[in-house]
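A look at the structure
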Amino acid sequence: MRGYVLRRSIWVYHLNTGACNGCDIEAIAALAPRYDVERFGVKLVGSPRHADVLLVTGPLTRQALSRVKRVYDMVPEPKVVVAVGTCACDGGVFKESPMVCSPLERFLPVDVRVYGCPPRPHNILRGVLEAAEILSRKR
Amino acid sequence: MALQGGVYQALLTALLFIYVFFAAVLVAGVRRKLRARLQGRVGPPVWQPILDFLKLLFKKPTAPSLANPVYVSAAVIALLASLAAAALVPFTRQHPLCFAGDIVAFFILLFAGEAVLVVGGLASGNPYSWLSGMRAMLIMMVRELLLAGALLLLYASTQKLSLVEALPAVPPAVAVPLALFFVAFALVLSMSTLFSAPVAETEVLEGYFIEYSGPLLAMAELSHWLLAYAPLALASSLFLAAAGALGLSWLAAAAHLLMLAAFSAVLAVLDAAFARLRIWGAMKLAAALLGALLALGAALLALKVGA
Amino acid sequence: MLIDSSVCRGCGVCARVCPSNAVELVEGDAEIIVRVYHDKCIRCGECVEKCPYRALSFSREFEHTSRTSLTVMAEARIPAVRCGACGRLFISERLGVDIAGSSRRELPYLTQLCPDCRARVAASATASRKIT
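Notes on the structure follow. Predicted, not measured: the structure shown is a model, and the values here were computed from it.

Structural notes on the pairing of strand β3 (residues 31-37) of chain C
Remark: a regular strand shows side chains that alternate across the two faces of the sheet. All names here are of chain C. Burial within β3 is extensive, with six of its seven residues counted as buried. Judged from the five bridges that link them, strand β2 (residues 23-27) and β3 form a sheet pairing that is antiparallel. Across the sheet, the residue bridging to Val26 is Ile33, located in β3. Counted along the chain from β2 to the antiparallel partner β3, the turn is three residues long.

What to know about the interface of chain A and chain B
Between chain A and chain B, the residue contacts involve 30 residues of the former and 30 residues of the latter. Interface area for chain A against chain B, summed over the two sides, is near 2600 Å², with a carbon-plus-sulfur share of 55%. Our count for the contact surface shared by chain A and chain B stands at six salt bridges. In this structure, the connection of chain A to chain B is made through 17 residue pairs in polar contact (both at pLDDT 80 or more). Where the side of chain A that touches chain B is concerned, the elements lending two or more residues are α1 (2-8), β1 (10-16), β2 (42-44) and α3 (62-74) of chain A. It is α1(A) that provides the largest number of residues to the side of chain A that touches chain B, a total of five residues.

A few points about α3(A)
Within the span of α3(A), buried status applies to A:Ala64, A:Leu65, A:Val68, A:Val71 and A:Tyr72. Contact partners of the buried residues in α3(A): β1, β3 (53-57) and β4 (80-84) of chain A.

Topic: the pattern of salt bridges
This structure, assessed with the given rule, holds 23 salt bridges over all chains. A salt bridge links B:Arg41 to A:Glu38; its shortest N-O distance comes to 2.7 Å. A residue pair is termed interchain when its members come from two chains, as with B:Arg41 in the loop between α1 (2-38) and α2 (48-58) and A:Glu38 in the loop between α2 (22-31) and β2. Neither B:Arg41 nor A:Glu38 differs from the other in exposure class; each is buried. Measuring nitrogen to oxygen at the nearest pair gives 3.2 Å for the salt bridge that ties C:Glu75 to C:Arg77. For C:Glu75, a relative accessible area of 37% puts it in the partly exposed group. Within the structure, one salt-bridge network assembled from shared partners comprises A:Asp36, A:Glu38, A:Arg39, B:Arg32, B:Arg41 and B:Asp52.

Some remarks on the interface of chain C and chain A
Contact residues are listed per partner, giving 19 residues for chain C and 23 residues for chain A. Taking both sides of the interface into account, the surface hidden between chain C and chain A amounts to around 1700 Å²; carbon and sulfur atoms contribute 46%. Among the residues of chain C in contact with chain A, C:Glu63, C:Thr65 and C:Arg67 are the three that bury the most area, contributing 38% of the side total. The interface formed by chain C and chain A includes two salt bridges. Taken together, the connections running from chain C to chain A amount to eleven residue pairs in polar contact (both at pLDDT 80 or more). The class makeup of the residues in the side of chain C that touches chain A is five nonpolar, nine polar and five charged. Summarising the sheet, strand β5 (residues 112-115) of chain A and strand β5 (residues 64-66) of chain C pair through three bridges and their orientation is antiparallel. Counted as the bridge partner of A:Tyr115 is C:His64 from β5(C).

Topic: the arrangement of the chains
In this assembly two pairs of chains touch, with chains A and B having more contacts than any other pair. There is a clear gap between chain B and chain C: no contact, and 23 Å between their nearest C-alpha atoms.

Structural notes on the sheet that holds β2(C)
Residues and elements named next belong to chain C. Strand order in this open sheet of three strands is β2-β3-β6, and the pairing throughout is antiparallel. Whereas interior strands pair on both sides, the edge strands pair on one side only; in this sheet they are β2 and β6 (72-79). Each neighbouring strand pair of the sheet contributes to a mean axis angle of 20°, computed without reference to strand direction. Alignment of β3 against β6, held across seven bridges, turns out to be antiparallel. Each residue of the ladder has a partner; that of Glu31, found in β6, is Pro79.

What counts, and where the lines are drawn
- Residues numbered from 1 in each chain as written.
- Chains lettered and ligands numbered in written order.
- Predicted model: local features only at pLDDT ≥ 70, side-chain atom pairs only at ≥ 80, totals over all residues.
- Heavy atoms only, no water.
- Buried < 20%, exposed > 50% of the residue type's maximum accessible area, 1.4 Å probe, protein only.
- Helix = DSSP H or I, 4+ residues; strand = E, 2+ residues; numbered from the N terminus.
- Pairing = 2+ DSSP bridges.
- Contact = heavy atoms within 4.5 Å.
- Buried area = accessible area lost by both parts, 1.4 Å probe.
- Salt bridge = Lys/Arg side-chain N within 4 Å of Asp/Glu carboxyl O.
- Polar contact = N/O pair within 3.5 Å; in protein donor to acceptor, adjacent residues only side chain to side chain.
- Nonpolar A, V, L, I, M, F, W, Y, C, P; charged D, E, K, R; others polar.
- Axes fitted to C-alpha atoms, helices over the stretch in contact; angles between N-to-C directions.

Right, dumping it as structure tokens:
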């Protein structure tokens with residue numbers, strides 16, 4: 001029953017670590033009524049303390065690093081991290097920049113990677129649903 | 001014999017609380033589902049609030065660094081108060097929890113259900129919860145004052161302080177505006193937190209329980225659903241009493257649930273049709289809507305008394 | 001992204017122009033492997049535009065989610081031989097066709113030397129020729 005409930009009620013917190021906003025626009029679009037994420041029980045929440053899934057965009061700039069760690073700690077267990085876009089997965093075009101600490105998996109355990117620059121909204125939704133699947137199996 | 005009577009009452013009370021839980025969840029779920037359907041999408045299943053509630057219970061809680069007893073106990077007290085308020089509303093003649101002085105207790109519990117949670121939110125130390133708490137308190141000032149007026153009207157029209165005795169005794173001319181008052185009250189209740197600020201970022205939309213997580217958040221959410229259920233249940237009971245249907249036991253419960261779903265649908269239509277309101281707009285709407293219905297009820301009562 | 005392995009010459013222009021280093025050329029045993037990674041590709045199209053042989057092209061398979069990192073988006077393996085002089089792998093067959101054209105004459109210096117070594121040999125041969 002725990003697995004069923006965790007798969008069917010997915011609250012998402014969107015975290016921008018210094019992205020160009022391309023992925024953010026697509027992520028917000030994915031959470032807008034057009035794609036109807038509510039039918040899967042997915043809801044956008046305004047506090048990491050309410051979230052199950054941390055949706056991270058951006059190449060993890062130096063200024064964002066300590067804040068991202070704090071936000072990650074604020075999310076209650078069980079939790080999953082979804083890296084959205086090329087920047088979050090690997091650093092993208094900013095990888096060699098000294099202002100950027102990508103990739104995300106150096107600092108946070110990334111469970112699902114959504115590829116694209118930016119990824120299409122239904123691809124992000126697919127990533128979130130896969131994250132829900134992983135979440136339902138976590139202890 | 002007395003023990004058997006006591007056990008029977010205890011069983012009825014337990015059943016009542018279970019019924020209240022599921023009815024509150026039904027109201028919340030129908031409202032969300034219907035709003036989605038009106039927006040042209042499928043929406044969550046009607047039992048989605050139960051899934052949300054259970055999921056929150058499975059989370060391990062985190063606490064802000066200022067976690068103090070007020071923050072933790074506020075959620076528990078608010079839940080108990082709203083549960084009691086919701087359970088006080090009668091829908092059959094044989095209500096296990098009726099007692100004299102119901103109306104006053106109902107008002108206090110309904111008020112406490114939200115006020116205590118606001119205090120808990122303010123105690124969490126987050127500026128966003130301060131913002132939402134201020135907004136909630138401003139709307140509460142208007143709303144609770146008019147609620148007191150409505151309950152006063154209920155007493156004045158029946159001279160009875162127990163809800164079970166008062167509801168069937170309300171003259172039908174007063175019952176209709178009074179019932180509509182409670183439906184409007186439920187609408188205004190939803191204006192103080194989620195999705196009530198039209199230009200707000202998600203952090204502000206979360207309301208004053210932004211720092212709650214896990215089981216405490218589950219309690220806060222449940223008390224909100226119960227607080228929304230209580231006035232709708234009262235309105236439904238008023239209509240049932242006016243139709244003389246309060247005497248039928250199981251059928252009354254079914255009719256009660258049906259009316260609850262209908263009111264929830266009305267609220268969903270209003271949600272979907274109208275834009276969100278800023279704080280002053282919300283206060284003005286609360287004052288105008290609730291005040292008008294209250295004035296109408298009082299006028300009708302005065303006319304009846306005169307004639 | 002699709003790589004047409006029947007056209008690719010393993011020249012490495014795609015790897016050089018990619019802004020996010022998503023394309024890599026790896027030497028296998030007797031083949032050159034061209035790989036494009038999902039993780040790093042920003043779908044800009046530089047490689048598609050700059051490939052001299054139009055080996056790379058966009059396809060409808062550009063969306064993906066994965067639980068592991070370094071997911072391959074496209075891969076091509078082209079058989080190659082080792083240069084007689086420097087030992088580097090190069091694709092003799094197709095480069096030979098490019099230069100010799102449809103006559104397909106087996107010229108040793110085309111099949112045994114990579115383009116750099118061939119250029120070096122040709123330059124020294126020209127330089128050592130007596131001016132008559």
